[in-house]
Structure formats: structure tokens, C-alpha cells
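Single-letter residue listing:
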Amino acid sequence: MRFVLNVFWFVFAGFWLALAYALAGLVMFILIVTIPFGIASFRLAGFVLWPFGRTLVPQHDAGTPSMIGNVLWFVLAGVWIAIGHVMTGLALCVTIVGIPFGWANIKLALVALAPLGKEVVSSDNPRALPVAYAS
């Protein structure tokens, strides 16, 4: 089922969104200081290209530098890519079949706003499971 969802995703949204992430990554590689943003952008391009069966989890060793980087990312590229996700999501929600893909785009818009300090893992990975907190 994941394969079928990924194929539909690739055709209707994934290719163009991955292209946007790759373009943002190339722009970020122009300046030496923003190379970490370019790396994150390319990582997210791969995730957006084929997202079903994978998820993002926070990295435990990400700290203040990731937070500062996310603020800079938001200003430089994040808000624009998030707008692209929202617009694509709204367009996909026009049809009943496209609603799950539209909803996935809305969730990816939140990821596009602050991608640093997150890691792409398989959904089967134990780290992808929600954490239960003891009271």
C-alpha cells in the first residue's frame, strides 16, 4: 500500500515539491554559511519525494544551534516552501481522493518551517513510535 501511495504522491505533488526543496538547497549552497541549510533541504527533498513509510523524529543531540538555524531557515526559505505545501495541499483537497495527500502536505508545511534538528527514519524504526511518558 505504501508503494501505491508513494506513486500517487510522486505524480501529484512529490516531484514538484522535491524540486522546490532542491532549488532551495542549491541557493543555500551558494553562501558558505548556509551550507547546513542546503544539506537539510536536500534531505527533506528526498523525504518529500517518497514520504509514505518514513517519518521525521527529533534528534536528541540537536540544541541551540538547531534552534537558531531554524529561525534563519524560516526567514530564508521555510516560509516560502511552507506556502507551497499549503497551496498544493489545498489544491489536492478539491477531490475526495486527494484529501489524504492534501492533509499530508499540510503536515509537511509544518516540517518545512523548522527542519533542522530532525531526522528521517523508517516508520518501522522504534524511534518513530510516540513516546509514552510515565506519570
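Residues numbered from 1 in each chain as written. Predicted model: local features only at pLDDT ≥ 70, side-chain atom pairs only at ≥ 80, totals over all residues. Heavy atoms only, no water.

> It is not clear to me how the overall build of the protein should be interpreted in this structure. Could you clarify?
The helix and strand tally for the protein stands at four helices and two strands. The order of α-helices and β-strands along the protein, N terminus first, is α-α-β-α-α-β. Radius of gyration (C-alpha) of the protein: 15 Å, near the 14 Å computed for a compact globule of 135 residues. A principal-axis box enclosing the C-alpha atoms of the protein has dimensions of 45 × 40 × 25 Å. With 135 residues in all, the protein has 35% of them scored as buried. (Helix = DSSP H or I, 4+ residues; strand = E, 2+ residues; numbered from the N terminus. Rg over C-alpha atoms; globule rule 2.2 N^0.38 Å. Buried < 20%, exposed > 50% of the residue type's maximum accessible area, 1.4 Å probe, protein only.)

> Could you clarify how one ought to interpret a nonpolar patch on the surface in this entry?
A surface patch of nonpolar side chains, about 1200 Å² in accessible area, is lined by Met1, Phe3, Val4, Val7, Phe8, Phe10, Val11, Phe12, Phe15, Trp16, Leu19 and Trp50. Following the sequence through the fold, Val4 ends up in helix H1 (residues 2–30). Of the residues examined, Val4 reaches a relative accessible area of 41% and is grouped as partly exposed. (Patch = residues over 30% accessible without salt bridge, like charges linked within 9 Å, V, L, I, M, F, W, Y side chains within 5 Å. Areas by Shrake-Rupley, 256 points an atom, 1.4 Å probe, with all protein chains shown as cover. Salt bridge = Lys/Arg side-chain N within 4 Å of Asp/Glu carboxyl O.)

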